[in-house]
Each structure stands twice: as structure tokens, then as C-alpha cells.
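# Structural overview for review
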Amino acid sequence: MDAPIPTPKRKGSLFTQFFTLRRRNENVHLIPYVHDPVADAPPPPPPPKDYNRLSMHRPFLGDEYISEKPLLFDLDIRVPTQQVLMAPPHPPSKPMPILRQTPPRVPAKANSPPTMPLTPEERAQRRLAAQRQSQREKEAMLREEHERQETRKREKEEQECREREQEERRKAALQEELRAAALRKARQEREEREREDRQLQELRERKQLEKERRLQHTKELERWRAEQLQRAESQCSEKQEERRRSAEGRRVRIARLNEEVFSSKADQMVGWVTVQAPDMLAWKRRYYKFEMGHADSKMLLYANPREVVKPLDILPLDGRIESLAEWYEGFEELEAIPHSFAVRCVDGVEWRLYADSAEDKDRLLVLLSEAAGIIL
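Figured I'd write up the structure that's included with this text.

Conventions and cut-offs
Residues numbered from 1 in each chain as written. Predicted model: local features only at pLDDT ≥ 70, side-chain atom pairs only at ≥ 80, totals over all residues. Heavy atoms only, no water. Helix = DSSP H or I, 4+ residues; strand = E, 2+ residues; numbered from the N terminus. Buried < 20%, exposed > 50% of the residue type's maximum accessible area, 1.4 Å probe, protein only. Contact = heavy atoms within 4.5 Å. Areas by Shrake-Rupley, 256 points an atom, 1.4 Å probe, with all protein chains shown as cover. Salt bridge = Lys/Arg side-chain N within 4 Å of Asp/Glu carboxyl O. Polar contact = N/O pair within 3.5 Å; in protein donor to acceptor, adjacent residues only side chain to side chain.

### So, the overall build of the protein
A tally of helices and strands in the protein yields four helices and seven strands. The secondary structure elements of the protein, listed N-terminal to C-terminal, are α-α-α-β-β-β-β-β-β-β-α. Sorting the 376 residues of the protein into buried and exposed places 17% on the buried side. Taking the contacts inside the protein whose residues are at least 6 apart along the sequence as the reference set, 48% of them involve residues at least 24 apart. Here the protein has roughly 29900 Å² of accessible surface; of this, 54% comes from carbon and sulfur atoms.

### Section: the pattern of salt bridges
Counted according to the given criterion, the structure contains 10 salt bridges. Here Arg 352 makes a salt bridge to Glu 350, at a shortest N to O gap of 3.3 Å. Residue Arg 352 is classed as buried on the basis of its relative accessible area of 18%. Residue classification places Glu 350 among the partly exposed positions, given a relative accessible area of 28%. Three or more residues are tied together by salt bridges with common partners; here these are Glu 333, Glu 350 and Arg 352.

### Details of the side chain of Gln 276
Mapped onto the elements, Gln 276 comes out in strand 1 (residues 270-276). Judged by relative accessible area, which is 12%, Gln 276 ranks as buried. For Gln 276, the side chain forms a polar contact with the main-chain oxygen of Leu 281, separated by 3.0 Å. Filtering out sequence-adjacent residues up to four positions away, Gln 276 remains in contact with Leu 281, Ala 282, Trp 283, Trp 351 and Arg 352.

Pasting the structure below:
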């Protein structure tokens, strides 16, 4: 009984398996391989220097090679008889190796029984079986492709579903953020309006307080002005009364001094006085002397009693004096200067003078009024 032929493992694509089956069907008519020890002996080893580069050992192409990578065409390895591979020359002590030719052979399993040629019915059956197997493989491939397409479609749908869910979650989160932002903005606007209202209220209150303060200050200022006016009026009346009394006393003193001055000697017409001339700002202390005449009376001013040859200033008096005025008669700058008075001339010139004492002032006024011909 013949041993069953083992079914080789099929690897590779559909077309590779198809060509493998066809190759086997074509090799059934070949003569089986018979093992020959002499022919199958390995060639002699190469020289040591070429051992790693040259190896004439040819591995056996068995059934495993056929099942893994089947041949797609017949390989004819025939070497012409005249061609001999010659090795490089060797020393005479070592003969030159010669490579033997081996006839072509078909790889087959060792010790395999002879294969009988197939009949047309068997070939048709095998062809039909191969077609059915190919059809089954195609159907399996189609089923696998369909399942793969279904799997990809299902995965795509699941991916789209996940993306839609993520998009919905993102939109929901965005809506929540927008709602929170709107609430936050509304709260900020409300707080801003409240702050503005408070500021306006505080501003109105400050304005009201400022207005009341100004009114109070105005009332106090008016009251103070009224008091000042009243005080000024009282002081004015007092000053007027004092001036009246002073004028009366001065007139009494002047009348007494008038008799004394003109009844005594000429030494009563000289003395010291401080003068501010019309064209000067500084006050100068001068020694005065009066010259009385019927038509030319004048007041001579010297630097000192020893230098009376040439006067420094001359104040003409006869017919040229308009009045003798006190500080309250338009010369308020003389109020702070004691014993001061002013001389107004008819041409608008003004002299300012002050004496060392009230008695000297009265005597000077008597002399000026007498020389100028005016009544005090």
C-alpha cells in the first residue's frame, strides 16, 4: 500500500499557490530522482585563501523549498562539455582541482515512490478541485474583505459617534462658558453702574456741602464786613473827633507860638527838619532857615549850620503855597511817620516833611503859614 503523500503547507498569495499547483502537475511525468553517492559527493574544498569566498556546495532543493517558494519555470542547468572551470595555477606539489559536471535533476523527496502519470479524468478532477479550492479561497478572501470593510465601517461609525459626542460636549462646555461669561459681564456692569451711582451721589453730597459751606462763609464774610464797616465808621468818627480836637489844640498852640516866635529874636526861625523833595524818593535831614520879606519869602535848606553860604534846596513860599496838609488829607503814606505833614504848591508840586517833636512841628507850621500868607 502506498504511503499517503503529505500535503505541503501553503504560504503566499493566491497566484503563487496557483503556479505551484500547475508546476507540480507538469512534473508528474519526469523520472524520479535516484540517489547516487558518487555523483552527489561534495566537490573538493577550495584553497585556504579562497575558502571564505568560494563554496561549490549546492544545497538540496527538496519538498520544503517547493512548498515555501515554488518555481515558476523549469531551470535548465546544462554546462557545455568543452567548458571546464579552471582554478588558478598551484605549485607542482598540489594537483589542480577539477569541478565535475552534474546532470540536471528535478528536486524531489528522497526515497519517494515513483509517480504514475495522471489520466485526463484525474487531471480534470484535480483541476476542478483546484478551481473549487481557489473559489473557496476567493470566497474566504471576499468574506474577510467584507468583514474587514464592515469592521472599518463600524469603527468609522464609532469614531464619528465619538467625534459627535466630543463635539456636543465641546459645544455644551462652550455654551456654559459663554453663559458664565455673560453672567460675569452682567454682574460687572451692574457693579459698575452701582459704583457710578455711588460716585454721583457722593459728588452731589459734596457739592451740596460745598454750597452750604460757601453760603456759610459768605454769611460770615458779610457779617465780618458789616462789623468792619461799623468799626471803621466808629473809628472814623473817633478819628474825626480826635482830629477836630487836635486841630483846635493846634490852633491854640499856633496862636500862642505865633506871638512867641515873632516877638522873639531871629533864632526862632532856624532849626532841623527831614525833607522829601518832589523829585526824590529818599528822605534828607536838612538845616532850615527862613527869610522873610515883603515880596520874596522863602525857606532855605542847608546840610548843617556851618555851611550856610549856598543852600542845597530852596522852597519858595510867598504866594506859591496852596495849603499845609496832614496825612489824612490825601497823604496816607505819612500816617506811620510821627510829626509829619505835607506842603502843596499851586503848581502841583508836593513837599513832605516831618519834625523831631510836636513843638518843632507847630513852630515850623507857624513859620510856613506866616511866610506863605495862609491861615491855618
